[in-house]
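Structural overview
As a plain string of letters, each chain reads:
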Amino acid sequence: MFSISHEKLTLSNGLEVVLHQDHTLPIVGVNIWYHVGSKDEEVGRTGFAHLFEHVMFEGSKHHNKNYFDPLQQAGAVLNGSTSSDKTNYWETVPSNYLDLALWLEADRMGFLLEALDQGRFDIQRDVVKNERRQSYENRPYGLAQLLLQPAMFPSPHPYNWPVIGSQDDLDSASLDDIKAFFRRFYAPSNASLALAGDFDIDEAKRLIELYFGDIAPGPAINRVGRMDSSLRGEVRLTISDKVQLPRLYLVWPSCPMFDEDEAPLDIVATVLGDGKSSRLYKSLVYDKQIATDVSVGNYSQEIAGEFHIEVTASPGHTLDENQEVVEAELERIRREPPTELEISRARNRVESQHVRQLARFGGFGGRADQLNHYNVHAGDPGLINTDVERYLVATGEDMVRVASSVLGDDHVRLAVLPERATSPSKSSIDRSKLPGGSTPRVYSPPIPRRVRMPNGLSILHVNKPELPVVTLGLLLKAGATTDPTGQPGLAQMTTAMISEGTTTRSSQQISDEMEFLGSHLGSDTSREHVFLSTETLTTHWPKALEIMADVVKNPTFPERELDRLRKERLADLRRISDDPVSIAQRASRALAYGPESKYGHPISGTVKAVEGLTRQELVGHFNDYYGPGDATLIVAGDVSRDDVMSIVEARLGDWDQRAAQSIDEASIEGGHTAPTTIFLADKPGAAQSVIRAGHLTIPRHDPDYHALNLLNYVFGSQPTARLFMNLRQDKGYSYGYYSSIDWLIGPSVLIAGGAVETAVTKESVIETLKEFADIRGGRPVTEDEFDAARDGIFKGFPAQFETLGQLVNQLGNLALFGLPDDYYSNYIAKLEAITLDEVRRVGAERIDDGHLFVLVVGDRESVEPGLRELGLPMVHVDYEGHKLP
């Protein structure tokens with residue numbers, strides 16, 4: 001097991017420090033935990049811990065302005081979080097900026113109150129209130145947690161209220177209240193500082209003593225010890241929500257963290273509901289198909305815990321029907337231990353997750369964060385190396401014991417029903433009579449209203465007034481296919497930079513204004529388009545559109561921000577070599593299309609290309625491809641057509657029409673056309689091999705699109721498909737093995753694959769090739785498979801429009817592919833018209849099993865001998881898909 005060396009010391013003021021040195025990368029994870037969370041609040045004063053997380057980024061005495069600026073300019077990433085038990089802040093910085101990070105952290109620990117004024121406090125209070133609305137009131141099933149918390153932990157338990165607090169308490173909080181909270185809890189004697197990464201131990205100690213050593217300790221804090229829930233018997237709750245499918249929550253009080261019951265309870269949760277091999281997923285979702293999803297988790301906290309089972313019923317099925325299956329599985333695990341295979345799988349998942357977390361120095365769950373977790377909650381950071389052992393020694397008998405003692409009568413049952421449903425009530429009907437099925441309700445997707453403005457901008461609008469929310473999406477045909485030859489990554493960097501400063505707003509002002517609205521501006525650069533998006537409460541959408549309009553009309557591409565983003569991008573690109581999945585993603589496209597082609601080069605670029613990007617090139621690319629003529633604005637939500645037209649005209653009516661550069665027909669020279677060949681990318685010591693096998697296929701506009709999509713449903717696009725059933729369910733080679741088609745205006749690519757155990761790499765390739773041959777004609781799609789695929793697509797169709805975000809993405813496809821506005825209204829009819837013979841024909845004509853590229857990213861020394869036995873041509877490639885000598 002990989003071991004994390006560390007040293008712990010305590011300053012005279014009580015600050016505990018944990019240091020872990022690793023010179024692999026020139027970065028340092030700086031992480032500080034304050035031992036205060038929502039459980040340390042008082043009734044009537046809830047939400048303070050989370051509110052203070054926001055306030056801590058607003059400036060301190062010696063840096064009396066936004067906390068993000070100096071760190072982001074240094075190429076750092078940073079964030080914070082609040083839980084019931086702790087508040088933490090972290091920065092991952094280049095190692096030469098450790099001094100800066102420590103100075104800033106010490107300043108807000110010791111001198112925050114001198115800079116905190118009513119204006120800053122009011123702004124952050126509003127941000128938190130909007131966050132609460134967005135996360136709970138305006139999110140499907142979001143109200144469930146607000147009801148579960150007090151039911152699970154009756155007053156006066158400190159876990160009785162949610163971390164985010166109540167609106168009333170936030171409204172009534174005063175500046176003096178907040179300052180008193182800070183003085184009590186934000187002190188070195190109530191904090192733990194961890195560093196992980198590339199630094200000199202003696203120099204780090206000197207800096208920590210220098211900056212933190214003279215900060216006064218805080219008052220003694222009376223800790224709450226273990227406090228079990230007083231819940232007795234079953235509490236039944238039912239609520240209605242704006243959702244399409246009912247969801248069941250079953251929650252039991254469990255144990256606090258590090259209790260002897262925690263590890264076996266975690267394994268029980270894994271056996272029951274973690275992954276598609278789990279008992280409840282297989283029974284509810286796969287076999288009986290009465291649920292669309294199920295999740296199970298044991299959440300141990302500092303003074304108590306809770307064990308959750310959540311099930312979302314499939315259309316036409318009830319929560320009672322699902323609960324009956326859940327209770328049968330619970331009774332089974334109370335009587336007999338899980339099988340050795342189930343226990344081993346759970347242990348492997350725990351161990352694997354633990355190791356993967358340790359791959360990162362900073363951030364949530366990284367080494368510094370884990371060291372603080374064990375130091376604060378267990379008093380021993382060394383548990384980072386040994387805590388996993390309790391999971392490896394837990395026995396089946398332990399699991400039976402905890403399931404019997406914990407998962408009993410004392411629990412909360414919460415049913416979340418669609419608003420059209422009503423709560424059950426007493427009646428005289430004969431409930432012993434089994435009702436027949438009723439006629440399913442026909443679903444008609446909304447048809448957008450389309451308008452074209454004088455400057456060429458297209459608008460697609462759908463009015464959905466159910467929630468006071470508006471989602472905006474702006475699609476521009478400025479994706480990675482516009483990258484000039486030799487400059488991969490230019491389009492993506494251009495997109496990233498437009499929100500880093502305008503003629504009227506700085507980068508930080510853009511972020512601040514969006515955060516004030518309780519929102520953010522997202523951007524995504526794909527192969528053929530760029531998509532900007534945001535979602536806000538209805539009252540804020542004009543302001544959100546104003547900011548979006550500003551960034552697409554008036555970006556200034558500041559050199560300072562470009563330098564920062566370049567550093568971040570280069571760090572990300574250099575870390576790709578750590579991840580076999582990322583390697584496979586990049587290299588597989590290069591093999592399909594050619595590594596230098598417009599469709600095959602990496603969207604995020606290469607180290608060489610990104611290092612060479614200049615501001616002038618970004619400005620030129622923006623001027624060439626960002627204009628209203630080829631752009632589509634999508635507006636969906638609680639807003640009328642008249643309001644849309646007036647506000648869009650005001651914000652984007654003056655967007656200058658520029659003649660967009662015509663995009664050359666994308667070249668795929670250099671793509672794979674030879675007979676099936678294995679391409680091996682060496683990842684020394686890899687415990688798994690990542691396989692990607694595929695070939696180019698038809699573009700999105702081809703008449704065979706629907707039939708090939710249906711064929712892929714049978715082949716590998718979901719858990720009941722052939723690939724998954726073969727390599728995972730039948731042989732256990734992989735946790736998940738799928739196929740997908742990346743549909744494009746240009747040639748699309750069909751790819752199948754997954755991560756498999758190194759020892760069965762050859763066998764997995766054999767099975768993959770066999771499945772390609774079978775779906776082509778060796779074992780054509782059966783009538784049962786055809787019917788099941790059509791049924792699955794039909795039933796899943798409405799769920800693709802459940803949220804505004806999903807709706808906007810679907811409307812984006814209309815704009816990108818030039819589809820008619822009523823396309824989705826006719827979608828089911830088009831599928832119904834497809835015959836089994838047509839699907840079989842498409843399999844024979846469109847699956848090219850004789851000319852596959854088969855990429856294997858794995859330990860060459862271990863896998864190459866077996867792969868050679870297949871008798872196929874083999875080529876060694878680098879991580880970008882280029883052939884090696």
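Above this note sits the structure.
The structure contained in this document is the topic of the report that follows.

Now for the packing of helix H17 (residues 490-497) against helix H23 (residues 615-625). Between two packed helices, the angle of one axis relative to the other and the distance separating the axes together describe the packing. One way to put it is that H17 packs onto H23 with a least axis distance of 9 Å and a crossing angle of 90 degrees. One finds that H17 runs roughly perpendicular with respect to H23. Counting all contacts with H17, which are made through Leu490, Ala491, Met493, Thr494 and Met497, the residues of H23 involved are Glu617, Leu618, His621 and Phe622. Among the residues making up the contact of H17 with H23, the classes are represented as six nonpolar, two polar and one charged.

Turning our attention to unusual backbone geometry. Here serine 155 and proline 156 are connected by a cis peptide whose omega angle stands at 15 degrees. In this structure, phenylalanine 258 is a non-glycine residue whose phi angle is positive, near 70 degrees. As for its position among the elements, phenylalanine 258 is in the loop between strand S8 (247-254) and helix H9 (262-273). If you check the backbone angles, phenylalanine 557 has positive phi at about 50 degrees while not being a glycine. Given the relative accessible area of 2%, phenylalanine 557 is considered buried.

This part covers the pattern of salt bridges. The full count for this structure, using the stated rule, is 47 salt bridges. For aspartate 550, the salt bridge is made with arginine 505, and the minimal N-O distance between the two is 2.9 Å. On the criterion of sequence distance, the pair formed by aspartate 550 in helix H19 (residues 541-553) and arginine 505 in the loop between H17 and helix H18 (507-516) is long-range, its members being 45 residues apart. As far as burial versus exposure is concerned, aspartate 550 and arginine 505 are alike and both buried. Taken together, the salt bridges that share partners define one network made up of Arg505, Glu513, Lys543, Glu546 and Asp550.

A word on the nonpolar core. Within soluble globular proteins, side chains that are nonpolar generally end up buried alongside one another. Counting 66 residues, the largest nonpolar core has Leu457, Leu474, Leu545, Leu633, Val648, Leu652 and Leu855 as the members making the most contacts within it. At eight residues, the largest contribution of residues to this core is made by H19. If we ignore the near neighbours within four places in the chain, the residues touching valine 648 are Met453, Leu457, Ile459, Leu545, Leu633 and Gly653. Core analysis: the second largest hydrophobic core is formed by 64 residues, Leu537, Leu708, Phe801 and Ala815 among them.

Taken in spatial order, the six strands make up an open sheet running S1-S2-S6-S3-S5-S4, and their pairing is mixed. Of all strands in the sheet, those bounded by a partner on one side alone are strand S1 (7-10) and strand S4 (77-82). Looking at each pair of strands side by side, their axes are set apart by 15 degrees on average, direction ignored. Relative to strand S6 (residues 191-197), strand S3 (residues 27-34) runs antiparallel, the two sharing seven bridges. Directly across from asparagine 31, in S6, lies its bridge partner alanine 194. Along the sheet face, helix H8 (residues 201-212) touches S1, strand S2 (16-21), S3 and S6 and points at about 155 degrees away from the line of S2. Against the sheet, helix H13 (residues 367-378) contacts S1, S2, S3, strand S5 (87-94) and S6, and its axis sits at roughly 30 degrees relative to S3.

Here the focus is the packing of aromatic side chains. Taken as a whole and assessed by the stated rule, the structure comprises 21 aromatic pairs. Between the aromatic rings of phenylalanine 724 and tyrosine 738, the centroid separation amounts to 5.3 Å while the plane-to-plane angle is 40 degrees, which identifies the pairing as tilted. With phenylalanine 724 in helix H26 (residues 722-730) and tyrosine 738 in strand S20 (residues 734-742), this pair connects stretches of sequence that are 14 residues apart. Look at tyrosine 738 and you get partly exposed, because its relative accessible area is 28%. Between the aromatic rings of phenylalanine 801 and tyrosine 824, the centroid separation amounts to 5.2 Å while the plane-to-plane angle is 75 degrees, which identifies the pairing as edge-to-face. Here phenylalanine 801, found in the loop between helix H28 (783-796) and helix H29 (804-817), pairs with tyrosine 824, found in the loop between H29 and helix H30 (827-832); they are 23 residues apart in sequence, far enough to count as distant. Pair check on accessibility: phenylalanine 801 and tyrosine 824 agree, each one buried. Pairwise contacts between aromatic rings join Tyr34, Phe52, Phe57, Tyr89, Phe182 and Tyr186 into one cluster.

The next thing to look at is helix H32 (residues 860-868). Side chains that are three or four residues apart share a direction in an α-helix, a result of its 3.6 residues per turn. Within H32, burial applies to Val863, Glu864, Gly866 and Leu867. Those residues of H32 hidden inside the fold are in contact with strand S18 (677-682), strand S19 (688-697), helix H27 (761-778), strand S22 (853-858) and strand S23 (874-876).

This paragraph deals with the pairing of strand S17 (residues 631-637). Of all seven residues that make up S17, seven are buried, and the element is covered over most of its length. Side chains Ala631, Leu633, Val635 and Gly637 project from S17 onto one buried face, and the interleaved Thr632, Ile634 and Ala636 project onto a second face that is buried too. One ladder, built from seven bridges, connects strand S14 (residues 469-476) with S17; its direction is antiparallel. Following the sheet pairing, leucine 474 is matched in S17 by leucine 633.

Reading guide: rules and limits
- Residues numbered from 1 in each chain as written.
- Predicted model: local features only at pLDDT ≥ 70, side-chain atom pairs only at ≥ 80, totals over all residues.
- Heavy atoms only, no water.
- Axes fitted to C-alpha atoms, helices over the stretch in contact; angles between N-to-C directions.
- Helix = DSSP H or I, 4+ residues; strand = E, 2+ residues; numbered from the N terminus.
- Parallel < 35°, antiparallel > 145°, perpendicular 65-115°, else oblique.
- Contact = heavy atoms within 4.5 Å.
- Nonpolar A, V, L, I, M, F, W, Y, C, P; charged D, E, K, R; others polar.
- Buried < 20%, exposed > 50% of the residue type's maximum accessible area, 1.4 Å probe, protein only.
- Salt bridge = Lys/Arg side-chain N within 4 Å of Asp/Glu carboxyl O.
- Core = buried A, V, L, I, M, F, W, Y, C linked by side-chain atoms within 4.5 Å.
- Pairing = 2+ DSSP bridges.
- Phe/Tyr/Trp six-rings, centres within 6.5 Å; stacked < 30°, edge-to-face > 60°.

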